[in-house]
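# Commentary on secondary and tertiary structure
Read off the chains here:
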Amino acid sequence: MAPTYDFIIVGGGTSGCLLAHRLSTSAAKPSVLLLEAGGQPSGQYLNAPFHRYMPSALRPDLDHGHVSEPELALNGRQITYTRGKGLGGSSILNFGVYLYGSKEDYERWGSLVGDDDWKWDSVKKSFHEIENYDYVGSKEYQHLADPSKYAHGRDGKLKVGLPDVLEKGVVPQMEALAKEGEKINLDPNSGDPVGMSVFPYSYSRVGRSTSAGAFLANPPSNMEIWTDAVAEKLLVFEGDRVVGVVTADGRQASATKETILTAGSIDTPKLLLLNGIGPASDLSPLNIPIRKDLAHVGKHLQDHVLAFMSVEVDGAINDRYSFESNEALVAEAQGLWEKDQSGQFALQQSVLWGGFMKLAGLPSTPEFLALPDDLQTFLSKDAVPTFEFINNCLLWPPGTQLSSPDHTYMTFIAFLMNPQSEGEVTLRSTNPDDKPVIKLNYLTHPYDKVAFRQAIQQTYTKVMENPIVKPNIKKTLCAPASMSDADVDAFAADNASTVWHACGTVKMGKSEKDACVDSSGRVFGIKGLRVADLSVAPLMTNNHTQATAYLVGQKMSEKIVREYGLDGSKGSGETKL
């Protein structure tokens, strides 16, 4: 007979590991099964700050292998859509930025779904439950970062914070931009991210923090974990109730309470569609029996689009290239890291800084004025940025050889916030082994094209035209031919891409007329089935979304604990365990 659990969680990623921990350690001690399609990650590039960009490129074994369809606005290019495969999910291989977003994001989220649990005051408390926020080192650069002025969680399991030491070049570059009028934001996690900051990250003195490392260490006896377990089929009993799952290798498990999907914004809608939960117009051509005609499954995909720009600069700017190109220094650093997590692997690539910015002229453009009135009001709020820029990133394009060993590089990025373009995830076939069809539709909305153009222009100008930085620039490695609208648009078409912040494909809302799940993640029209990952987000938050993925897992755990009385209370929606 199939083993039976109170809860089955499908997906051991950023939100799934946290959710499994919260439920299994609640007072009622329910039995919890966590399924993960990958295994237990180990091996190279997974821990040191120096390697923060490497897992996504050099560990294909930890990636699900998704690729988009040709993008119409990007000259038909296909975008590799990396998603973490293994316990910890994308927290294994993301770029480590840990930002909440704007308080206005969550005020709007709560209003859209009709639930104050998603508004800022409540969300802030949930973030504090998640994190062990270490910013002691920032005392050495308090004029650039000082989170001590605001409340942060210090007792959570996820280690996040700020580095003890800033890499060479960070302080003078930030000060140079500040001298030209850029506002310093001492804590972008205060609820107002606007301004220039040193970005907090999901690392500690011992290396990368992952969801599995934080929440699956020493799991309780009432939690079971199945790895290499790809869920393919949802077991349905009595018409509209899900009672368990079947994996690709034939393992079966039953849930007496709920099956909860945390497979992410690509694979959660794929699993729903394969099991007949989604738009009849998408399912009928594939002859998939329709369990629930839910029009918005797989739709409303939104993502932050970006473009890298990079220049070769005088070696006095930083010492990255002299380190990275010296095999002996890298080998020495490897040994120090393995010994006691010290040395250059703890310092190099450890700092990203940048800012969340407004575009002053954008609200007067026809593209902005064509947006719905309520959206214009939201975008006009002081704490809602239009774009983000980042500096101190990796050499771009990767593998570029500089013209002199005495030179180094400076790489910066423009990100579009609040994109209006929407993509979708649909099935390629009824074969679960086939990757889904992913249409990102980047820059297909007129507003996005104009806002992204201006974001690139502003980012380039802030960095490249700064009178202190500009004299050090020796050669352009990757940038628009000029700052004309036409050249910037051409550059975007050739270079725009992603850092994998997809959300919205199983959107949360007030009813199935415009959404897939309610504000507690329960799938409309299906009992015993809930979604608790970034796919439920009803909007694109102004941040790097790993923090929001943790938040969704935390919020859903709070709601489930209350509903089932797992904290010892009576419970509000289900029979107490």
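What counts as what
Every residue gets a number counted from 1 within its own chain, in the order that chain's sequence is written. For a predicted model such as this one, the threshold for reporting local features is a pLDDT of at least 70, and the threshold for listing and counting side-chain atom pairs is 80 or more; totals across whole chains, interfaces and linings nevertheless cover every residue. In computing side-chain properties, one takes all heavy atoms of the structure into account and sets aside hydrogens as well as water. UniProt positions are given in the numbering used here, feature names are shortened, and annotations may be inferred rather than shown by experiment. Helix and strand labels come from DSSP, where a helix needs a run of H or I of at least four residues and a strand needs a run of E of at least two; each type is numbered from the N terminus. Think of it in three bands: with a 1.4 Å probe and only protein chains considered, a residue is buried below 20% of the maximum accessible area for its type, exposed above 50%, and partly exposed in between. Contacts: residue pairs with any heavy atoms within 4.5 Å of one another. By the criterion applied in these results, polar contacts are pairs of N or O atoms within 3.5 Å in which, for protein atoms, one can donate a hydrogen and the other can accept it, and in which residues neighboring in sequence qualify only through two side-chain atoms. A pairing counts as a salt bridge when a side-chain nitrogen of Lys or Arg comes within 4 Å of a carboxyl oxygen of Asp or Glu.

### Here's the deal with the UniProt feature "binding site: FAD" (unreviewed entry) in the protein chain
As recorded in UniProt, the sites labelled "binding site: FAD" (unreviewed entry) are Thr14, Ser15, Asn94, Phe95, Gly96, Val97, Trp500 and His501. Along the chain, Thr14 turns up in helix α1 (residues 14-24). Tracing the sequence through the fold places Gly96 in the loop between β4 (80-81) and α3 (103-113). Assessed through its relative accessible area of 2%, Gly96 is described here as buried. In this structure, Gly96 is in contact with Arg52, Pro200, Tyr201, Ser202, Tyr203 and Gln546, ignoring residues within four places of it in sequence.

### Things to note about α3
The set of residues buried in α3 consists of Glu104, Asp105, Tyr106, Arg108, Trp109, Gly110 and Val113. Residues of α3 that are buried in the fold lie against α4 (120-130), α13 (373-379) and α16 (546-564). Put simply, Ser102 is the residue that caps the front of α3, since its side-chain oxygen is 3.0 Å from the backbone nitrogen of Glu104. One or two residues past the end of α3 sits Gly114, with phi positive at roughly 70 degrees.

### A look at the pattern of salt bridges
Throughout the structure, instances matching the rule amount to 24 salt bridges. The closest approach of N and O atoms between Asp117 and Arg562, which form a salt bridge, is 2.7 Å. Residue Asp117 is located in the loop between α3 and α4, and its partner Arg562 is located in helix α16; the two are separated by 445 residues in the primary sequence. Taking relative accessible area as the criterion, Arg562 reaches 39% and is therefore assigned partly exposed. The shortest N-O distance in the salt bridge between Lys470 and Glu465 comes to 2.9 Å.

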